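# Secondary and tertiary structure notes
One-letter residues, chain by chain:
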Amino acid sequence: MTVLKTKIGRRSFLKTSAAAGGGLMISFSWLASCTSATTESEVLTMPEEWFELNAYLKIAENGLVTIFCPNPEFGQNVMTSMPMIVAEELDIDWKNVMVEMAEFNTALYNRQFTGGSQGIRMAWNPLRMAGATAKHMLKEAAAQKWKVPSNEITTELGQLSHKPSGKSESYGQLAMAASKLTPPEKVELKDNSNFKIIGSSRKNVEGKKIVTGSEMFSLDIKKEGMLIAMIVHPPAFGMKLKAFDPESIKAMPGIVDAFSFKTYNDDYACNFFDTDTFPELVAIVGYSTWQVMKAKRDIQVEWEEFEEQSYFMNGRDEKIKINVPPGLENSQEHMAAMLQKSSKPAALLRKDGDPEKIFKEASKVIEKTYSAPFLAHNMMEPINCVADVTATKAVITAPTQAPGFIEGAIADRLGMTMEQVDIVMTRMGGGFGRRAYCHYMVEAAVISQKVAKPIKLIYTREDDMTFGIYRPAYMATYRAALDEDNNLIAYHVKAGGIPESPLGRGAANRFPAGAVDHYLAEEWSIESNITIGAFRAPRSNFLGGVEQSFLDEVAELAGKDPIQFRLDLLKKAKANPVGEQNDYDADRYAGVLELVRDKSGWKNADTDLHRGVAAYFCHNSYAAHVVDMKMDNGTPRVEKVTSAIDCGVVINPDAAANMVEGAVVDGIGNAFFGEMTFTNGVPDKSNFGDYQMIRMNDSPKEIDVHFVNNNIDPTGLGEPPFPPIFGALANALYQATNRRHYNQPFLGKDWVNLDR
């Protein structure tokens, strides 16, 4: 039995209940990590006046239940999963549940951020608490009305019943009475074995809106008098605006204005997500998208290289100076610089035992170097934002993962207070990190303020793909030492990137750290004016692939089955772990390997199939894949992927499987084709015509997803399945071609080929 303190004060409860006007409303301001949603019940209708409230669980007199959740949705389907959690504890009929996206309000919510695969994990107990608290108070209201003990009252599908007396009423009938009661100091949660909704598959509550093209995105928004705006940015990283001629386009049909502007004020100290690729831009404003696009093509602009620059970013305890080097960078030079860095001493992150001595004395030593290029996010919905700025108010409507991180920047740039800035969150057509960098919201606000009209800022696909915020370019060198009995006795990883190392934030403490007596981890980095940002499973998206590819090669050198080799290491990590900073659970890690081994029929594969395996831990969850591949006239084709995931309790199995399937397809596409290269600072690719994305014939014919069945509280799922698919694919490719692939993309043409 789980018991939680409700933390609902009597005064705040009475205040919110009075505002309800007859329904039961439970203050929900502690729900800091929920992701938002809206759906329409087929049976009950929600009172119009309740749409204006946020941060509450509400029960209307007709029995409809509504939850306001603060965080935005970009396809991870929390709009279905989160209300399932509340409905479970509340014992409400699923068809009578609604969820609505809350307004952005930092006074009510602590964490309005979608990222890090933390939504369900952080909302698990608050959502359950809300449902259980409402149910407790409804039972108390029924007990007082019927004059019976509350512990004799049962609940099911939104009905309260007292079997001895035969009395029964709906939640809606007792909502007003319940709203007058003092909330309990603690509530009892269901045992997992009694779940009826959690663990059952439910359809996406916004599915109908999605397939019928309902207006859900900010690109759909139309406002009276609204103009269209686009920006012109430098054609190359390392360049800045020198001059432009607004008169060259102002006479064109439909053009209202053209001007230059700075994204941030000169004295503004940036926060983590305030990445500013090009500080000064040119804006073009007109009546229609096509008119502005033509003007953007014809405008006369001069650019020049900038000198070394720097800016300050707010750190945890102090301001951090960020250097931006000058120059027009090239991918060939990137590779040479990373190779040079990887051959020199680097910053020590972790050291166990005496690895230097063991490597000198080892019977066998293997060393391999891996690299991966920059990657573009390539969301289906390009960057856009609607801004309506007046003298006293700024209303900014945009698809954003992190409204709380950009609100201050908007206020500062406009010369307004935070209270004057109103951010409206819309559904996102993709994200996975890119939409946490919300410079485009500042840009739209500045343009609207300048023209004194509402505007819709639209990035073309070319704008989006060439504007930066890429996945960094990475390189890692691995060494392993074996003794005469082919046991792994020493392990060394030295990794870095442009402009960050993938080993940051504790990655040096992940497997096989803790399983090897002599272990060494080092990192380095190279400054760049090419801006980077979070990309699905940051840093892990590289390390999870190359580490698992290297371990496969070590297992081969040791003459051991690759799955058993990993299991033996995990057995040692559990029985006699090395060090105290290991951040994985060896049992759970081994569990996904054993499950994927069994479900894939690892030992009984079709002789025509070439198989590769990989497993990884990140974002609090464990994932393993087996890739089955065949060669088709020299081209590798993925026949099947078997996946095993341990993410704790699975709320919505179909939605969870969809998330894993998406990660598998996304990972295969990026591993096979994904790359962004540069020539003299200019991105070599700018649209889907030259930046290859995965196509249907490259996707697996079958993806078979399995979840570890345990009662552990839910952990991450959007990102953990992504990193290991790179390694499993590389290992299958080796089996199919008898050639190891050390550099991504595996089937690319432009990235420097150093396979060896």
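This text gives an overview of the structure that appears in the document. Here the structure is a predicted model, which means the values were calculated and not measured.

### Structural notes on the side chain of Glu522
- Along the polypeptide, Glu522 turns up in strand 25 (residues 518-525).
- No salt bridge is formed by the buried Glu522. Its closest oppositely charged neighbour is Lys494, at 4.4 Å.
- Among residues more than four places away in sequence, those in contact with Glu522 are Ala346, Ala347, Leu348, Leu349, His492, Val493, Lys494, Ala495 and Leu503.

### Focus: unusual backbone geometry
- With an omega of 0°, the peptide bond running from Ile498 to Pro499 counts as cis.
- The residue Pro499 is located in the loop between strand 24 (488-498) and strand 25 in this model.
- Each neighbour pair has its own omega, and for Phe511 with Pro512 the value is 10°, a cis peptide bond.
- Structurally, Pro512 is set in the loop between strand 24 and strand 25.
- Even without glycine at this site, Leu157 takes up a positive phi of about 50°.
- For Leu157, the position within the fold is in the loop between strand 6 (154-156) and strand 7 (159-162).

### Things to note about the packing of aromatic side chains
- Inspection of every chain in the model, using the stated rule, returns 29 aromatic pairs.
- Ring centres 5.9 Å apart and planes at 65° place the aromatic pair Tyr589 and Tyr622 in the edge-to-face group. A residue pair is termed long-range when its members are at least 10 positions apart, and Tyr589 in helix 15 (residues 586-600) and Tyr622 in strand 27 (residues 621-632) qualify at 33 residues. Considered together, Tyr589 and Tyr622 belong to a single accessibility category, that of buried residues.
- An aromatic cluster is present here, built from Phe237, Phe278, Phe374, Tyr459, Phe467, Tyr470 and Phe678 joined pairwise through their rings.
- For Lys450, the ring lying beneath its charged end belongs to Phe259, and the centroid distance is 4.7 Å.
- Of note, Lys685 hangs over the ring of Tyr691, and the distance from its end group to the ring centre comes to 5.8 Å.

### Observations concerning the sheet that holds strand 8 (residues 167-170)
- Ordered in space as 6-7-8, the three strands form an open sheet in which the pairing is antiparallel. Taken across any chain shown, the strands that pair with only one partner, and hence form the sheet edges, are strand 6 and strand 8. Put simply, the sheet's adjacent strands are angled 20° from each other on average, direction ignored.
- Direction of pairing for strand 6 relative to strand 7: antiparallel, over a ladder of three bridges. Of the residues in strand 7, the one forming a bridge with Thr155 is Leu160.
- Helix 3 (residues 119-146) rests against strand 6, strand 7 and strand 8 of the sheet, and its axis sits at about 45° to strand 7.
- Running over the sheet, helix 4 (residues 171-179) touches strand 6, strand 7 and strand 8 and is turned about 85° from strand 8.

What counts and how
- Residues numbered from 1 in each chain as written.
- Predicted model: local features only at pLDDT ≥ 70, side-chain atom pairs only at ≥ 80, totals over all residues.
- Heavy atoms only, no water.
- Helix = DSSP H or I, 4+ residues; strand = E, 2+ residues; numbered from the N terminus.
- Buried < 20%, exposed > 50% of the residue type's maximum accessible area, 1.4 Å probe, protein only.
- Lys, Arg positive; Asp, Glu negative; His and termini not counted.
- Salt bridge = Lys/Arg side-chain N within 4 Å of Asp/Glu carboxyl O.
- Contact = heavy atoms within 4.5 Å.
- Phe/Tyr/Trp six-rings, centres within 6.5 Å; stacked < 30°, edge-to-face > 60°.
- Lys NZ or Arg CZ within 6 Å of the ring centre and 35° of its normal.
- Pairing = 2+ DSSP bridges.
- Axes fitted to C-alpha atoms, helices over the stretch in contact; angles between N-to-C directions.

Nothing here speaks to function; it is all geometry.
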